[in-house]
Amino acid sequence: MVRVETVIVGAGLSGLACASLLEKHKKEYLIVEKSNRVGGRVGSIYENDYIFDVGFQVYNTAYAESSRILDLKNIDLQLFKPGSVIHNGKKFHMVSDPIRDPKNLFSSLFSSLSSFSDKLKVLLLIYELSNYRIENDISFDMTTLEYLKQRKFSEKFIDLFFSPFFSGIFLEKDLKTSSKFFKYVFSNFSKGMACIPKNGMQKIPDSISNNINKENIFFDHALIKIDRSKILSFSNSIDIKADNIVFTGGSENLIKKKSAKYNSVCNLYFVTDIDIKNGKYIHLFPKDDLINNIAILNKVSSSYSASNNLLSISVLGDFSTFDIPINSIKKRLSNYFGGSESNYDFMKRFDIKRATIIQNKDFFKKRSSFLGEGLIVAGDHTVTGSIEGAVCSGLNASNYIIKR
Ligand SMILES: Cc1cc2nc3c(=O)[nH]c(=O)nc-3n(C[C@H](O)[C@H](O)[C@H](O)COP(=O)(O)OP(=O)(O)OC[C@H]3O[C@@H](n4cnc5c(N)ncnc54)[C@H](O)[C@@H]3O)c2cc1C
């Protein structure tokens, strides 16, 4: 039987971050990963000169711990323009980001969506949340929608800005997500910029995995059982005995610990020869019953498509057992961006059932990740459902092991 000091279950960002610190401290570890690649929920497919990220997601330059362990020069982050282009059912409104760029709050463009008092309230929120940390927030939790109403934002502003913008991040339309996560995301957006690596989101896990010895990752190893003496059994190989086990990706359910529940999303890719104005902005569609948001990825990083515009479309919810009406999407695209349906070619579809974790009210009540006897739960759900949360959870686990 193989014996190893620490086994990390999962080569997502949390597992990789954990391994990178153990490697730095010359600790013995092994990552076991059920798939054949690093990155877990962050990944890209490289096909026919296109880059298809598996689900639309962005990095935020305010992610402090992630920025410390990533080789940012190599990743070469490409920035979205701060703000969004919102289609109100009739036409597009260009909205300079009221969070990052408050001086634009008072521009005429923004005025049509919000009242003077909404603008002042945004400024106040930016000020109050500038150093926000969930762990220091002892306030009574509520849903994001309740929080925005409590702060007396107008319904129009909630419907046309907060709701489409944050539903694209939470991947749920009702803003049921904990107000604490809202405050965390709002604070990050006021400090940082949304961006993607030049050559796809996959470059984020790839960059962390450059800090770890590749021989210490066992791919195609699905952990199926753990016994009381910390012997791990896999479907395809010999057993491994470990002193410490770091669970990520919900693998703690093998020791009967509850793991997270997820929001789902369907991510569609289309290409078009139609030129799209303001392509560096995320486009939001609060009045569309299918399309929540669209990003024109090659406008942000030309590596995503050498020729045509590549549209990444997010449809919120679990459509894995449904047909998505591709012709109807094409029709909507031609209404929004011009041309006819034949100008839009469907390229790819990803149904991501386990996308962002559900972080409803009271999600952030104190829980311990350290279960004793070398059993440690990591993963984004132990910190925040984000790239930064996953990285922090992995670093927390390795720091615990190093001190132990
Ligand atoms: C569509 C989408 C959009 C998102 N948008 C954003 C965004 O814009 N910004 C942001 O910051 N975050 C975003 N996120 C969230 C972010 O991607 C995650 O928080 C982060 O990647 C989670 O990393 P993790 O290591 O905790 O979990 P995972 O990535 O789920 O990794 C867990 C790993 O463990 C492996 N595993 C599980 N069980 C076993 C087992 N029994 N044996 C072996 N291996 C196992 C899995 O195969 C997986 O590789 C988004 C996520 C999705 C899917």
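Definitions and cut-offs
Residues numbered from 1 in each chain as written. Predicted model: local features only at pLDDT ≥ 70, side-chain atom pairs only at ≥ 80, totals over all residues. Heavy atoms only, no water. Salt bridge = Lys/Arg side-chain N within 4 Å of Asp/Glu carboxyl O. Buried < 20%, exposed > 50% of the residue type's maximum accessible area, 1.4 Å probe, protein only. Phe/Tyr/Trp six-rings, centres within 6.5 Å; stacked < 30°, edge-to-face > 60°. Helix = DSSP H or I, 4+ residues; strand = E, 2+ residues; numbered from the N terminus. Lys NZ or Arg CZ within 6 Å of the ring centre and 35° of its normal. Domains from an automatic or database assignment. Contact = heavy atoms within 4.5 Å. Buried area = accessible area lost by both parts, 1.4 Å probe. Polar contact = N/O pair within 3.5 Å; in protein donor to acceptor, adjacent residues only side chain to side chain.

1. Some words on the pattern of salt bridges
This structure, assessed with the given rule, holds 15 salt bridges. Close ionic contact of Arg 133 with Glu 135 constitutes a salt bridge, the shortest N to O distance being 2.8 Å. You can call Arg 133 partly exposed: its relative accessible area is 47%. Residue classification places Glu 135 among the exposed residues on the basis of a relative accessible area of 54%.

2. Here we look at the packing of aromatic side chains
Within this structure, the stated rule accounts for 31 aromatic pairs. An angle of 45° between the planes, with centres 5.9 Å apart, marks the rings of Phe 153 and Phe 157 as tilted. Each member of the pair, Phe 153 as well as Phe 157, is classed as buried. Both rings, one in Phe 285 and one in Tyr 336, keep their centres 4.5 Å apart while their planes meet at 40°; by these two values the pair is tilted. In this pair, Phe 285 sits in the loop between strand S15 (282–284) and strand S16 (293–296) while Tyr 336 sits in helix H11 (residues 326–337), placing the two residues 51 residues apart along the sequence. Judged by relative accessible area, Phe 285 falls into the buried class, the value being 1%. Across from the ring centre of Phe 52, 5.4 Å away, lies the NZ or CZ of Lys 348, which sits over that ring.

3. Regarding the domain arrangement of the chain
For the chain, the domain assignment lists domain 1 (2–43 + 214–260 + 367–403), domain 2 (44–79 + 195–201 + 265–317 + 319–352) and domain 3 (83–192). Placing a centre on the C-alpha atoms of domain 2 and another on those of domain 3 gives a separation of 22 Å. The interface of domain 2 with domain 3 comprises 19 residues on the first partner and 23 residues on the second. When domain 2 packs against domain 3, close to 1800 Å² is buried across both sides, 67% of that on carbon and sulfur atoms. Put simply, domain 2 and domain 3 have 0 salt bridges between them. Inspection of the domain 2/domain 3 interface yields 5 residue pairs in polar contact (both at pLDDT 80 or more). Taken together, the elements giving at least two residues each to the side of domain 2 that touches domain 3 come down to S15 and H11.

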